[in-house]
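Listed below, chain by chain, are the residues.
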Amino acid sequence: MSPRGPLWRAALFGAFALGMLLLGSWLLFGRGPLPIQTDLLAMLPATERHPLAEAAVDQLAHANGDRMVLVVADADDDKAKAAARALGEALTGQHVFASVTAELPPFDLDQFIAPYLPYRFSLLSDADRTALAQPGYAAGQTLARRLNEPFLAGIGTRVQDDPFGWLQHWLDQQPWSRSPLVPEDDLLTAHRDGLTYVMVIAALRGSSYDDGVQREALAVLDRAWQDVGHDHPGTQLLRTGTVFYAAAARAGAERDVHVVGLASTLGIALLLLWTFRSPRPLLVAFLSTAVGVISALTVTLLVFGQIHLLTLVFGAALLGEAVDYSIQYLCARANMGRHWRPQDGVRQVRPALLLALGTSLLGYLLLGLVPFPALRQMACFAMVGMLVACLSVFWLLPALSVPPTGKPLSPSLVAMARGWQRRMMRLSQGRAGLAMLALAAAVALPGWWRLGHDDDIHLLIATPADLAQQEARIRDITGIGNGSQFYLVTGDTPEATLQHEEALAQRLQALVARQQLDSWTGVASMVPSAQRQAQNRAALAPLFAPGAALEETLLKAGIKASVAQAYVTAWPGQVLKISDWLSMPLSLPFRYLWMNQHDHSYASIVLPQGQDDVAVLRGAADGLAEVSLVDKPASVSALFGRYRQYASLWLLAALVLVGAAFAWRYGRGAVRVLTPPLLGIGLSLAALGYLGQPLTLFHWMALMLVLGVGANYAVFLREGEPHTAHLPGASYASVLLSAVTALLSFGLLGLSTMPALQHFGITLLLGIGITALFAPVSLPASETYP
């Protein structure tokens, strides 16, 4: 073959690699913020049957996402308030914050009350509606009680606008009136357990998931609190908000990338230098792998638009598997010595590499079939990286390794490999082989018996304990529910939706009466249905009927004639519609509870507070039309559980396909080639049982990769052994070299801060290690070894 052929192929591959590098750089750095996804919800699959439920989960999660909620606490009331004011002043004016609310701005209560006045006769509390329905309702006594009430703190109606207090009673039941936080000295303040708590809210100028916003906001807050703490020693700061969780997740991922990427790179570099005793193979192997990883990153960004944290860390670990292909080629070069010709080396390793690539792609393809965005990204990343790394051996490496090498593989590595291979071959022959399998089964059985499972979604990414504790305290202080469980109420029209929510409200009120629920927040409590408002007006109608003398009652109580006349003539007022409510200032913090979709479907979100028992909450919705309890963590956990059960069938199907490929290639010898990965899977499961690790979906996904990677080692050894008859142990040495590089990368995932990747790492560490040790079993039993 003309030497120009390999050079042309290398040039084309180099142009491809350069194009991938430039495109990847633009996708990563040229489009604004880094496209690294730290939002946990974006990594999760859709689990809810109703499409509005998924939209509600997203709407609820992001309603208050781009802000910091800060609570300053101290036993000294004045000190807590002074510290909160100082913190607000320090944060105000910083570019990263769009607004900071510490001291409440001056406001006129009329601006909150006035919008409700046209609807006052349609808005009644349950207690007033019940009282009005009783025979002989004494309006004069109600008026007298109202006139003798002490001054109201908070939002209160004027007597001339609401002489009987009916609107006031309705306002007292609204969410803003029930909050433990009350305005004191122009600050939102709560008193509990001997401490004064003051809330400060800082809205971000940008997304909580933007790396630049995270870093700047946290730095500004740290500097500000350091100054406040110096001036007000002993004061505590509680904090919560999406930005804190996103920053913690990103910091953990960066740590993982550094540990896995840098440590594995350094370890693999030292290992290759020791094995080949020359820097040239090291550079060639890393170039091949780098092109694969860069291509994987670029294609992943093209397909998905962004990259998840899980994929990023997993990609750092892919180095150890992608380098396998170049290692096999470089080992073939070292073993041929002076007889080396690049194209001969390609022809020698091509069958093994293509078969190994096929088994690896099969494992990752099965991973990508799971309807889980993060796993699909990981599968896409791995498949592209492995494919490009393998193609680089055929197109790029021949041009970079033309001259023969005068340095064979490390003699100590080859000697160690030869010794272990000889022992394993003796143990795998005849009765000894059967005895070895029986012993392995006997050792594994107790471990298998101890296996359990855990599908909790919280195992996906560990929430920092400190942040979780602070959030729980803030929720407890402010009375806000946990937000992970809510009711979704739907309807064909706004009126139907509100009526369905009112039916739910009756059930929830019964739970409150039984002290099984503290309260709830929903739209229907702020905007009654037209049907309910008609009932309210019907309850008031007898008092406003001609001859009822309501105006006379007002005059006798000392109300001015003009005021009394204006009040009576305002009857019956207007019906409060959802569109009217959405335009009111007081609706702003609660608008996310109402959903009006483009397909003219309607829904409302009802947030229960003070009850985490799903059975109790679900019981309240049983039998109610268009009402369902949405529990996203439980739904995802249930989905993980179902797919964990399916995973064993997927693994069995993969074994059948790989076995069929081996049978086509090796005939009866396929059983021996398949034995090492089978032992790797079985003994890994046993080890997990002994370690007390409950199985998750991620363990099973890792076992699929054990099958793919373990099959590679058996294929490498089976295909390479005939070419190294003059160097016993050299072929197995190349397998061990590949295995150690994989262990240096995938094994380090066991140190990840993400539990899901820990499960991946531990399982792959066990599976790859065991498979590599048993790889000599794949060789024909008839062969003898000196």
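Residues numbered from 1 in each chain as written. Predicted model: local features only at pLDDT ≥ 70, side-chain atom pairs only at ≥ 80, totals over all residues. Heavy atoms only, no water.

Attention shifts here to the packing of helix α27 (residues 632–666) against helix α29 (residues 697–720). One can describe the packing of α27 onto α29 by two numbers: an axis separation of 8 Å at closest approach and a directional angle of 10 degrees. Put simply, α27 runs roughly parallel to α29. Classifying every residue of the contact of α27 with α29 gives 19 nonpolar, one polar and four charged. (Axes fitted to C-alpha atoms, helices over the stretch in contact; angles between N-to-C directions. Helix = DSSP H or I, 4+ residues; strand = E, 2+ residues; numbered from the N terminus. Parallel < 35°, antiparallel > 145°, perpendicular 65-115°, else oblique. Nonpolar A, V, L, I, M, F, W, Y, C, P; charged D, E, K, R; others polar.)

Turning our eyes to something else, we now look at the nonpolar core. Where a protein is soluble and globular, its nonpolar side chains tend to be buried together. F314, L375, F662, M701, Y713 and F760 are the most contacted members of the largest nonpolar core, which has 126 residues in total. With 17 residues, α29 is the single largest residue contributor to this core. Sequence-distant contacts of F760, that is, excluding residues within four places in its chain, are made with F314, L367, L375, M378, F698, M701, A702, L705 and L749. Grouped together as the second largest cluster of nonpolar side chains are 37 residues, Y119, L123, L576 and M595 included. (Core = buried A, V, L, I, M, F, W, Y, C linked by side-chain atoms within 4.5 Å. Buried < 20%, exposed > 50% of the residue type's maximum accessible area, 1.4 Å probe, protein only. Contact = heavy atoms within 4.5 Å.)

Within the secondary structure, A202 is located in strand β6 (residues 195–204). You can call A202 buried: its relative accessible area is 0%. For A202 and L727, which are 525 residues apart along the polypeptide, the C-alpha to C-alpha distance reads 69 Å. Apart from residues no more than four positions distant in its own chain, A202 is found in contact with R67, M68, L91, F97, S99 and V100.

Attention now goes to the domain arrangement of the protein chain. Domain boundaries in the protein chain define domain 1 (66–104 + 186–240) and domain 2 (110–180 + 468–631). For domain 1 and domain 2, the distance between their C-alpha centroids amounts to 32 Å. Contacts between domain 1 and domain 2 engage 13 residues on the former and eight residues on the latter. Taken over both partners, the interface formed by domain 1 and domain 2 buries close to 900 Å², and the fraction arising from carbon and sulfur atoms is 60%. The largest per-residue losses of area from domain 1 upon contact with domain 2 belong to R192, L238 and T240, which jointly make up 47% of the total buried on that side. Taken together, the connections running from domain 1 to domain 2 amount to zero salt bridges. Along the contact surface separating domain 1 from domain 2 lie two residue pairs in polar contact (both at pLDDT 80 or more). Of all the elements in the fold, those that place two or more residues in the side of domain 1 that touches domain 2 are β2 (67–74), β5 (187–192), β6 and β7 (236–240). For the side of domain 1 that touches domain 2, the leading source of residues is β7, giving five residues. (Domains from an automatic or database assignment. Buried area = accessible area lost by both parts, 1.4 Å probe. Salt bridge = Lys/Arg side-chain N within 4 Å of Asp/Glu carboxyl O. Polar contact = N/O pair within 3.5 Å; in protein donor to acceptor, adjacent residues only side chain to side chain.)

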